[in-house]
Amino acid sequence: MSMYGTDKRHHTLTVLVENKSGVLARVASLFSRRGYNIFSLAVAPSDNPKFSRITIVVDVESAPLDQIMKQLDKLIPVVSIRELDPADARERELLLATVEAGPDTRGQVIQLVGVFEGKIVDVGPAHLSVMLAGAPSKLDDFEDLIRGYGIVEMQRTGRVALPMLDRVDHRGQPATGTADTTEKAG
Amino acid sequence: MELTGAQALIKSLEMQHVEVMFGLPGGAILPVYDPILDSSIRHILVRHEQGAGHMAQGYAQVTGRPGVAIVTSGPGATNVVTPLADAYMDSTPLVVITGQVATTSIGTDAFQESDITGITMGITKHNWLITDAADIPRIVSEAFHVATTGRPGPVLIDIPKDIAQSTMEWYWPSPGDLDLPGYRPVTEGDPALIREAAELLLTAERPVIYAGGGILKARAADALRELAERTGIPVVTTLMARGCFPDSHPLCLGMPGMHGNYTAVTAMQKSDLLIALGSRFDDRVTGRVNAFAPEAKIIHVDIDPAEHHKVRRADVAIAGDCRLVIEELLMALESLGLSHSDATRGGSGGTPSDAVAGATAAAGSVAAGFPREGLAPWRSELSAWQKRFPLVYDQQPGAGPLKPQFVVEQLRDRTPEDTIVASGVGQHQMFASQYWQFDHPYTWVNSGGLGTMGFAVPSAIGAKVGRPDKMVWAVDGDGCFQMTAQELVTASSERIPVKIAILNNAYLGMVRQWQEMFYEERYSEVYLSPDLPDYVGWAEAMGCVGIRVESSDDVGAAIDKANSVDDRPVVIDFRTDAFEKVYPMVAAGASNDDIMVDPSQVGGNPA
């Protein structure tokens, strides 16, 4: 079953925050207090050590996206927010799974990993640990297929995203037209 | 210059021109209390930390300056949570300093440890845990900046004991040293939107200005008055905005909302354009949202863009400071051909009793004398409602039960016109808001959004500290009074001569009213007793003058006596009628079209 796919309910927010203690708690607390649903959340330092990037996939049926963004924007450590419509974004996610792979099925699992351009990261007598990075929908498909062999354990990171580049611009400059960056306001 | 963290903290408050702070010491904040002895800042020792927070709120609401409270860790900090939540709801600038256990003990469940930054995350505009004494001046500067700019609000600074005891090299940051890359409040409105708003405003036939607390925060009362007078558009003032536009002004319709007067509520319902200025479409104003002002277009001016479209989609949403936006709007109106109207300035008003909450304003006064003849039919419709549905009550002379509304009217008429009134939450608050005549900004102190019972006594004390030149009365209920009355000990010992009028109906009156109206008169846990406690004896035990009034004949003399006392607090125990209900009323969840007027006015409701 697809967790994300290209569901219209889900929008991705990439949020630049100050790299200070408690920032993630402030963001999470805001979402829970105002009843906004989070589908996935990924956080890591950005290219500037002063700031971190939080990528949040939100359920826009739980609250209007405009309201979620404005409330988020009111948090003092939130520096900027960019909203990415899945249709205008390059989204990637990482999946790690340990799959049943006894002598009978091992070959099929390895083949499947090859077809999806994943990697085998660990080998045991009856199991394989596999890795796949890609678009969330591709991970959904892969997950459906390996489930038949028996998933022992699986983790997905939640997605990160960048806006699509503007193909019309022949000078090769990154596009800004499709993504929305809010100005801070208090 | 080397200072301890504690010294640096107090010096930083001095640099912020703090003149007074309200607090109560304890273990973790002990180091910070030592340099208070050498400071120019007045410290007022409260009897409960909640009192410190509400006093700081009262101070902030009447002065416009941030209120400062200082308390210890653990229970001291958690006791100030209610005032923080209250200030957050009402956008009151507060700086609360809490002691914290030493950094080496944080997370160990140490004595009097509480995660106050975690607890207050959702009820402060921001909070800080100081982890290095060298950060103190910068963090204090940031805290005051955040509390007072943009949409104001409370902030909290948590200072661990070892940080207060460690040393740092003193410095004072310049504005550029503040480290707030994510904080850039907007103040000036978008000119294109302002022009759009001006065009809407000139074409509307039934416009209403819906003025909220943001007018007061932005110090925009004068600008609002000019806007109303030049456009001839009537004004409703929400509970948070009482006083921002004079009740005696012919264009003032008074308070809208659940207990607003008929004209204010109905004017909004029938309006074709609501100009919301610093107001936020609170559920107590809108009633059932999808039935609220169904024909109205909305211009919504708020400094917090998150308020736009939150409850009601605006046709023109302008992010900005209310004063600046109104000034820009006036210029836009002028460029669209709206002329100055100095000759038709209204505002001299009727006598106080004529203009209470706009409800009994002199007939025809809204209709006449203002520019833009096209609005005359609308203004005369409003006048007709004012005449037909004034606020009413029936005070029989002598032995008849004492009506709370009568007490408020007597207070209004027997005190200076710029008297500051504080209130708690409940029936008495509504009576005070309805029957007082607010003609000056910053004369009404109350808990609007959070609805905190017990707010009146401490906030009145804070207001008196902030404005010692003004008379300060608290209109309180007996239920509310019992929650925070101990702060009158603070007031007595600090010689802060506030005056408290308890409208003592021996009930949790508003809850009683709902049980009577919506729970088939099944009264569950609302009876309090008129004389347990003995309010006069209690007042006297706290160093106040105590007076009891049971008859309407004695109300005036008691108020006059209270007004003559200037060296200590006064408490008057008014024994009021428990059966009196607040009208008009829009039941929770009902449409504002279904406003219930006083039973004596039922029959012939034109709506």
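Check the entry above for the structure.
Residues numbered from 1 in each chain as written. Chains lettered and ligands numbered in written order. Predicted model: local features only at pLDDT ≥ 70, side-chain atom pairs only at ≥ 80, totals over all residues. Heavy atoms only, no water.

Draft legend 1. Summary view of the environment of G509(B). Relative to the helices and strands, G509(B) resides in helix α21 (residues 509–518). Along the backbone, G509(B) and L9(B) are 500 residues apart, and their C-alpha atoms lie at a distance of 44 Å. (Helix = DSSP H or I, 4+ residues; strand = E, 2+ residues; numbered from the N terminus.)

Draft legend 2. Summary view of the interface of chain A and chain B. Residue-level contacts link 23 residues of chain A with 24 residues of chain B. For the pairing of chain A and chain B, the buried interface totals around 1,900 Å² over both sides, and the portion due to carbon and sulfur atoms is 53%. Counting across the chain A and chain B interface gives three salt bridges. The residue D179(B) makes a salt bridge to K50(A) at a minimum N-O spacing of 3.3 Å. Where chain A meets chain B, there are five residue pairs in polar contact (both at pLDDT 80 or more). Looking at the side of chain A that touches chain B, the elements with two or more residues in it are α1 (23–33), α2 (65–74) and β4 (78–84) of chain A. Of all the elements, α2(A) adds the most residues to the side of chain A that touches chain B, at five residues. Of the residues belonging to the side of chain A that touches chain B, the class tally is eight nonpolar, five polar and ten charged. (Contact = heavy atoms within 4.5 Å. Buried area = accessible area lost by both parts, 1.4 Å probe. Salt bridge = Lys/Arg side-chain N within 4 Å of Asp/Glu carboxyl O. Polar contact = N/O pair within 3.5 Å; in protein donor to acceptor, adjacent residues only side chain to side chain. Nonpolar A, V, L, I, M, F, W, Y, C, P; charged D, E, K, R; others polar.)

Draft legend 3. Region of interest: helix α9 (residues 191–203) of chain B. Residues and elements named next belong to chain B. Between its first and last C-alpha, α9 extends 19 Å over 13 residues, near the 18 Å set by a 1.5 Å rise per residue. Listed in full, the buried residues belonging to α9 are I194, A197, A198, L200 and L201. Burial along α9 is one-sided: seen end-on, the buried residues are contained in an arc of 165 degrees. Every exposed residue of α9 that faces more than 90 degrees away from the buried side is listed here: A192 and T203. Of the residues flanking the start of α9, the one acting as N-cap is D190, its side-chain oxygen 2.8 Å from the backbone nitrogen of A192. (Expected span 1.5 Å × (residues − 1). Buried < 20%, exposed > 50% of the residue type's maximum accessible area, 1.4 Å probe, protein only. Arc of directions from axis to C-beta.)

Draft legend 4. Structural detail: the sheet that holds strand β9 (residues 207–211) of chain B. Residue and element names in this part refer to chain B. In space, the six strands of this open sheet follow the order β11-β10-β9-β12-β13-β14, with parallel pairing throughout. Each of the sheet's edge strands pairs with one partner strand only, and the pair in question is β11 (252–254) and β14 (316–319). Each adjacent strand pair in this sheet contributes to an overall mean axis angle of 20 degrees, direction not counted. As paired elements, strand β12 (residues 273–277) and strand β13 (residues 297–302) share five bridges and run parallel to each other. Bridging from a neighbouring strand, A276 pairs with H300 of β13. Packed onto the sheet, α9 meets β12, β13 and β14 and runs at close to 135 degrees relative to β14. (Pairing = 2+ DSSP bridges. Axes fitted to C-alpha atoms, helices over the stretch in contact; angles between N-to-C directions.)

Draft legend 5. Highlighting a nonpolar patch on the surface. Residues and elements named next belong to chain A. Taken together, the side chains of I110, I120 and V123 define a hydrophobic patch exposed on the protein surface, amounting to about 240 Å² of accessible area. With respect to the element layout, V123 can be found in strand β6 (residues 119–123). Relative accessible area serves as the criterion here: at 55%, V123 is assigned to the exposed category. (Patch = residues over 30% accessible without salt bridge, like charges linked within 9 Å, V, L, I, M, F, W, Y side chains within 5 Å. Areas by Shrake-Rupley, 256 points an atom, 1.4 Å probe, with all protein chains shown as cover.)

Draft legend 6. How the structure looks around helix α7 (residues 136–148) of chain B. All names here are of chain B. The end-to-end C-alpha distance of α7 is 18 Å, a good match for the 18 Å that 13 residues give at a rise of 1.5 Å each. Burial analysis of α7 places eleven of its 13 residues in the buried class, the great majority of the element. Count one or two residues on from α7 and you reach G150, which has phi positive near 60 degrees.

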